[in-house]
Amino acid sequence: MFKNLLLTTVIVFILSACGGDNSTVLPSNTVPVSTPSAPSTAAPSTPAPSTPAPSTPAATTPTPSASSQELSRFVFLSSVNRQLAEDVQLQINSDTITGRSPTNVAVNELIATFTVANARVYVGDIEQESGVTANDFSMPVAYRIAGDDGSERDVTVDLTRFTGLPIIYANTQGNSEIVSKDEYIDGTIRVEGGRSFPSLEMMDMEIRGRGNSTWFGPPKKPYQMKLAEKEEFLGMPEDKKWLFLAEYSDKTMLRNRMAFELGYVSSLAWTPDSEFAEVFLNGQYNGTYLITQKVEEDGDRVDLGDDGFLLEIDQPERLSADDVFFTTDEYLINIKEPELTHGDSQYQYITHYVNEFEDVLFSANFADPTTGYAAYINIDSFIDWFLISEITKNVDSQWWSSIYFHVLPGQKINMGPLWDFDLSFGNVDYADSQYAEGWWVQQNTWINRLLDDPVFAERVKTRFRFFRDQEAQFIAKIDAYADYLKYAQAANDQKWQTLGEYVWPNPVVFDTHAEEVAHLKSWFIQRMNWLNNAIPTL
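What you are looking at is a predicted structure, and each value in this text was computed from that prediction instead of being measured.

## Looking at the pattern of salt bridges
Side-chain pairs of opposite charge can arise whenever the charged atoms involved come near each other.
Next, step 1: By the definition in use, this model includes 22 salt bridges.
Next, step 2: A salt bridge links Glu 390 to Arg 527; its shortest N-O distance comes to 2.6 Å. Here Glu 390 is found in helix α4 (residues 379-392), whereas its partner Arg 527 is found in helix α9 (residues 513-534), with 137 residues between them in sequence.
Next, step 3: Put simply, Asp 479 and Lys 521 hold a salt bridge, and the shortest N to O gap is 2.6 Å. In this pair, Asp 479 is assigned in helix α7 (residues 471-484) and Lys 521 in helix α9, connecting sequence segments 42 residues apart.
Next, step 4: Accessibility expressed as a relative area gives 34% for Asp 479, which makes it partly exposed.
Next, step 5: Judged by its relative accessible area of 21%, Lys 521 falls in the partly exposed class.
Next, step 6: Within this structure, Glu 312, Asp 314, Arg 318 and Lys 336 form a network of salt bridges that share partners.

Written as structure tokens, this is what we have:
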């Protein structure tokens, strides 16, 4: 290769192996956001995912000279790394060598082949020898190239394992198929956290299906897992129950996470934390999932104290046989927490309180600051829930379902938490929420009535400017997550083959993930522009 270097000493090294991981973390300063409502000892304030695996730069060929040390080749050969199905060629740049193992194989003891001229190569104080010296590439490895002329330079070998995301291994007892969203089946769970998340040693768990349309329709199923005991999971505060969102209908896989991002900077009491991960179920790759906290009562989740209530606006056809609910003139209210009996004292209390609020809201003196609706609700929470739901134009948030609110006796009603936003940001073909223009959640009867009060409307206008000011950071966040998922989305699509195909209820079909993300961003920009003109008219 270097014909002018007749006296060059060529050393060929080969390194072989097993083990390791390479997830990374989205820098906390990518987009300035507030700390999520639920405190976390491990997740950054935006509950940040891991940083996107570095892009693979174009290879550059060093220009050799007799007085300089040069590294001209770095590859992991399948012939000496039996766990590799094919050779993995890395790209050499001035001070970095980057690449990716395209399958989920161990990388903690690898044997590479590289060519160096006029130099010796070291990792720490250990001289590297071809085909003999092994290194752990689960983290970046610093190589020191010591030239024959006394010069030295450092290069970092950065190998991404699989997609760069943490990896979850879930196994059911006897490899049983998960066929019910009501009955748990026993199993075990293990997590390889990689560079950015704590790993979890194998432990017992139970798992079942979850969801409504997401469970009964798509082949990629969502799940609810319950650990044998409370544990921190992917850096999120310890608990037993964790949800695996399949994001099958959202080909960007970003809509739920981006709605949560809006929640993290809002005044809502709590927004679920979440992290992306690869999931292997009974030894088979099952795709990329968004792992989230469950909307439930807990000090680190929805804090209801000793006697609070978590409620959901819901529909009769969605109720389970053991659900306890009540109705108002406008809505069916499902009591999610606590477990109570129809007609008992707690039931009577919450039924009376919510109905009393609604009666006052639609009364002639509803806007009275002392005796009107303001005596019953946390106004800031209603405004932020409305704006986030309207900005995203979430189809279910108008009146259908997943409209959560909570209240503690003696305190006011708080809207939230946010939930179920995969059919937001225009990702629906059966409702006007498909379009970036036009009101949607403003037609929710409670919100619509609140907007009849000029004081409430003025506060909405003021608060919208806050979210408008976040627009550029939000777009940057979308780009950062899309880059973070660049390998994951490809692996997920290879498994499920949704790109370029119609999936209910997509209004548009694109051939690539990049086009799906571009459509999401374009829709969001159009939406914010429309709202910027429409909000002042409220």
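## Some details on the sheet that holds strand β18 (residues 309-314)
Next, step 1: The 5 strands lie next to each other as β19-β20-β18-β21-β22, forming an open sheet whose pairing is antiparallel. What marks the edges here is a single partner per strand, and that holds for β19 (324-327) and β22 (414-415).
Next, step 2: Two strands pair when backbone bridges link them, and β18 and strand β20 (residues 332-337) are joined in this way by 5 bridges, in the antiparallel orientation. The residue of β20 that forms the bridge with Asp 314 is Leu 332.
Next, step 3: Strands in contact with helix α3 (residues 345-361) are β18, β19, β20 and β21 (403-407); relative to β19, the strand with the most contacts, it is inclined by about 30 degrees.

## What about the confidence of the model for the protein chain?
Detailed reading of the predicted coordinates is not advisable wherever pLDDT is low.
Next, step 1: Residue-level pLDDT values for the protein chain average 89, and 87% of them are 70 or greater.
Next, step 2: Taken as a whole, residues 1-67 scores under 50 in pLDDT and shows 223 contacts with residues more than four places along the chain or in a different chain.

## Remarks on the pairing of strand β6 (residues 113-117)
Next, step 1: The buried count for β6 comes to 5 of 5 residues, which makes it a mostly enclosed element.
Next, step 2: Burial of the side chains of β6 extends over both faces: Thr 113, Thr 115 and Ala 117 are buried on one face and Phe 114 and Val 116 on the other.
Next, step 3: For strand β2 (residues 70-76) and β6, the ladder comprises 5 bridges, and the chain directions are antiparallel. Each residue of the ladder has a partner; that of Val 75, found in β6, is Thr 113.

## Regarding a nonpolar patch on the surface
Next, step 1: On the surface, Tyr 430, Tyr 502, Trp 504 and Val 509 cluster together into a nonpolar patch covering about 430 Å² of accessible area.
Next, step 2: Within the secondary structure, Val 509 sits in the loop between α8 (486-496) and α9.

## Regarding the environment of Pro 218
Next, step 1: Positionally, Pro 218 belongs in the loop between α1 (213-216) and β14 (223-233).
Next, step 2: Along the backbone, Pro 218 and Trp 504 are 286 residues apart, and their C-alpha atoms lie at a distance of 8.7 Å.
Next, step 3: With near-sequence residues (within four places) excluded, Pro 218 lies in contact with Ser 213 and Tyr 248.

## Remarks on α7
Given 3.6 residues per turn, any residue in an α-helix points the same way as the ones three and four places further on.
Next, step 1: Under the 1.5 Å per step criterion, the end-to-end length of α7 is 20 Å for 14 residues, consistent within 8% with the ideal 20 Å.
Next, step 2: Taken together, the buried positions of α7 are Glu 471, Phe 474, Ile 475, Lys 477, Ile 478, Ala 480, Tyr 481, Ala 482 and Tyr 484.
Next, step 3: Where α7 is buried, its residues meet α2 (255-264), β16 (274-281), α6 (454-469), α8 and α9.

## Focus on the nonpolar core
Next, step 1: In this structure, Ile 168, Ile 189, Phe 233, Tyr 373 and Phe 382 are the most contacted members of the largest nonpolar core, which totals 117 residues.
Next, step 2: Once you skip the residues sitting within four places of it in the chain, Phe 382 turns out to touch Phe 357, Ile 377, Ile 413, Met 415, Trp 446, Ile 447, Leu 450 and Phe 456.
Next, step 3: Counting residues in hydrophobic clusters, the runner-up holds 24 residues, among them Phe 74, Phe 76, Val 121 and Val 123.

## Digging into α3
Next, step 1: In this model α3 runs 24 Å from its N-terminal to its C-terminal C-alpha over 17 residues, within 8% of the 24 Å that 1.5 Å per residue would give.
Next, step 2: If you follow the buried residues of α3, they end up packed against β18, β19, β20, α4, β21 and α5 (445-450).

## A look at the sheet that holds β14
Next, step 1: One closed barrel holds the 7 strands; their spatial order is β11-β12-β13-β14-β15-β17-β16, and the pairing between them is mixed. Going across the sheet, the axis of each strand differs from the next one's by a mean of 35 degrees, ignoring polarity.
Next, step 2: Across the sheet, α2 lies against β15 (236-245), β16 and β17 (284-293), angled at about 150 degrees from β16, the strand it touches most.

## A few points about the pairing of β15
Next, step 1: Counting buried positions over the 10 residues of β15 gives 7, a clear majority of the element.
Next, step 2: Inspection of the sheet shows β14 paired to β15 by 6 bridges, in the antiparallel sense. Bridge pairing links Glu 231 to Asp 239 in β15.
Next, step 3: Here β14 folds back onto β15 in antiparallel fashion, the turn holding 2 residues, of which Leu 234 has a positive phi close to 55 degrees.
Next, step 4: Examined bridge by bridge, β15 and β17 share 4 bridges and lie antiparallel to one another. Note on β17: the bridge partner recorded for Trp 242 is Gln 293.

## Points about the environment of Ser 72
Next, step 1: For Ser 72, the location among the structural elements is in strand β2.
Next, step 2: We classify Ser 72 as buried; its relative accessible area is 17%.
Next, step 3: Separated by 43 residues in the primary sequence, Ser 72 and Thr 115 place their C-alpha atoms 5.5 Å from one another.

Parameters and conventions
Residues numbered from 1 in each chain as written. Predicted model: local features only at pLDDT ≥ 70, side-chain atom pairs only at ≥ 80, totals over all residues. Heavy atoms only, no water. Salt bridge = Lys/Arg side-chain N within 4 Å of Asp/Glu carboxyl O. Helix = DSSP H or I, 4+ residues; strand = E, 2+ residues; numbered from the N terminus. Buried < 20%, exposed > 50% of the residue type's maximum accessible area, 1.4 Å probe, protein only. Pairing = 2+ DSSP bridges. Contact = heavy atoms within 4.5 Å. Axes fitted to C-alpha atoms, helices over the stretch in contact; angles between N-to-C directions. pLDDT = per-residue confidence, 0-100. Patch = residues over 30% accessible without salt bridge, like charges linked within 9 Å, V, L, I, M, F, W, Y side chains within 5 Å. Areas by Shrake-Rupley, 256 points an atom, 1.4 Å probe, with all protein chains shown as cover. Expected span 1.5 Å × (residues − 1). Core = buried A, V, L, I, M, F, W, Y, C linked by side-chain atoms within 4.5 Å.

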